[in-house]
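# Observations on the model geometry
Given next are the chains, with one letter for each unit.
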Amino acid sequence: MNLRELVSALNDFASPALAESWDNVGLLVEPSPPHTVNTLFLTNDLTEEVMEEAVQKKADLVLSYHPPIFAPLKRVTWKTWKERLVVRALENRIGIYSPHTAYDAIPHGVNNWLTKGLGTCTSVPLHRSTAPSSPTEGTHRVEFCADAEHLDAVLSKIKDIPEISCLTTLPVRVEGEEQTRVSLNCTQKALLEVVAFLSQNSLLYHKTEILLLQKPLLPHTGMGRLCTLSEPLSLSDTVERIKGHLGLPHVRLALGAGRTLESPVKKVALCAGSGSSVLKGTEADLYLTGEMSHHDVLDAVANGISVILCEHSNTERGFLSELRDALTIHLQNKINIIVSEKDRDPLQVA
């Protein structure tokens, strides 16, 4: 497949607009076009060892779940390992694409895969995503009426304000007089300027309506998951299920206040990767994530919530095999898709 065609298909699989605002997703490194992709290489983390594996396996595009370029690069030299990744990628005409939190949000993504370690359960996102392709622009809609004498001057002033969109006019009859109803969308910043301008004319301001625009929430899409098990499990059985699903010999466990290994688990709040901010404040019997801050673990325990930590990437990496199968179908078997054998969590028990 042509690289740009493939990137479009990957964006259709999981819209980058679903990613968190702080994230860096999408095509990060692009070889000079035209660039054909015969082999797509999947990894959780793009380390130098993994990059060498991608080169050896003649990959044309690396899909790295975690973005290897996150903070802006001021130069591309051989000095730091992330700069060397870019150099090696371009030297070998390998593109780099990262979905990260877009894959966390989608219904067929990382967090849903993680729920499968709990057995039969129902799950809902902890923080639902808004529709990325909603036609609504701006954060507010402002509507007001103006008479014909002042309309042109008013519109001229309004159009000079940045961050205004969807400006429309409609003839209306107000209290027996012919007037024009002006409607516009604007950002929070522009709203302050619009209101300031309208307030200078009491007649305009008196007839002004301001509406908050909200994009619709997407079903089954968003960050984290709250899972309700079909049948309660003991905490010890839950631990064993999770270890089996993730292929881990051990996990770290903090017992909630008043809980034991035999305490029943019915509700589990989970988040792949680093879950502190996503899980915080959620009522559940158990928190499941890769890593949490020490103090957030203490808070959960004090509230009677047990915590299982599996190390960051151990809660994500197993999804790659499921992703390979899903993308094979999504891309209609047009390219070869392989999963890295060198990708692994950097932490181990010594």
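Remember, predicted model here, so these are calculated numbers, not experimental data.

To continue, consider the nonpolar core. Taken as a class, soluble globular proteins show a tendency for nonpolar side chains to be buried jointly. Judged by nonpolar contacts, the single largest core of 65 residues is most densely connected at Y103 and L327. Looking at which domains feed residues into this core, each of domain 1 (3-103 + 316-339) and domain 2 (106-129 + 220-309) gives three or more. When residues no more than four places from it in sequence are discounted, the contact partners of Y103 are F13, A14, L63, Y65, G109, V110, F319, L323 and L327. Judged by nonpolar contacts, the second largest core, of 17 residues, contains A146, L151, C186 and F197.

Under the domain assignment, the chain is made up of domain 1 (3-103 + 316-339), domain 2 (106-129 + 220-309) and domain 3 (140-212). If you average the C-alpha positions of domain 1 and of domain 3, the two centres end up 47 Å apart.

Along the chain, Q179 turns up in strand β8 (residues 177-186). Look at Q179 and you get buried, because its relative accessible area is 7%. Setting aside residues no more than four positions away along its own chain, Q179 makes contact with C145, A146, D147, L170, P171, V172, V174 and K207.

To continue, consider a nonpolar patch on the surface. The grouping of L253, L255 and L261 at the surface amounts to a nonpolar patch, some 220 Å² of accessible area in total. Tracing the chain through its elements places L255 in the loop between β11 (252-254) and β12 (264-274).

With that settled, consider the UniProt feature "binding site: a divalent metal cation" (unreviewed entry) in the chain. The feature "binding site: a divalent metal cation" (unreviewed entry), as given by UniProt, occupies H66, D104, H312 and E316 in the numbering adopted here. Sequence-wise these annotated residues cover 251 residues; spatially they are packed, their C-alpha atoms never more than 13.4 Å apart. When you line up the elements, H66 lands in the loop between β3 (61-64) and α3 (81-91). For H66, a relative accessible area of 13% gives the class buried. Aside from chain neighbours lying at most four places away, what touches H66 is N44, D45, S98, H100, H312 and E316. With respect to the helices, strands and loops of the structure, E316 is situated in the loop between β14 (306-309) and α12 (319-330). The exposure class of E316 is buried, given its relative accessible area of 2%. In this structure, E316 is in contact with N44, Y65, H66, V110, W113, A272 and G273, ignoring residues within four places of it in sequence. A distance of 3.2 Å separates a polar atom in the side chain of E316 from a polar atom in the side chain of H66.

What counts and how
- Residues numbered from 1 in each chain as written.
- Predicted model: local features only at pLDDT ≥ 70, side-chain atom pairs only at ≥ 80, totals over all residues.
- Heavy atoms only, no water.
- Core = buried A, V, L, I, M, F, W, Y, C linked by side-chain atoms within 4.5 Å.
- Buried < 20%, exposed > 50% of the residue type's maximum accessible area, 1.4 Å probe, protein only.
- Domains from an automatic or database assignment.
- Contact = heavy atoms within 4.5 Å.
- Helix = DSSP H or I, 4+ residues; strand = E, 2+ residues; numbered from the N terminus.
- Patch = residues over 30% accessible without salt bridge, like charges linked within 9 Å, V, L, I, M, F, W, Y side chains within 5 Å.
- Areas by Shrake-Rupley, 256 points an atom, 1.4 Å probe, with all protein chains shown as cover.
- Salt bridge = Lys/Arg side-chain N within 4 Å of Asp/Glu carboxyl O.
- UniProt positions renumbered as here; feature names shortened; annotations may be inferred.
- Polar contact = N/O pair within 3.5 Å; in protein donor to acceptor, adjacent residues only side chain to side chain.

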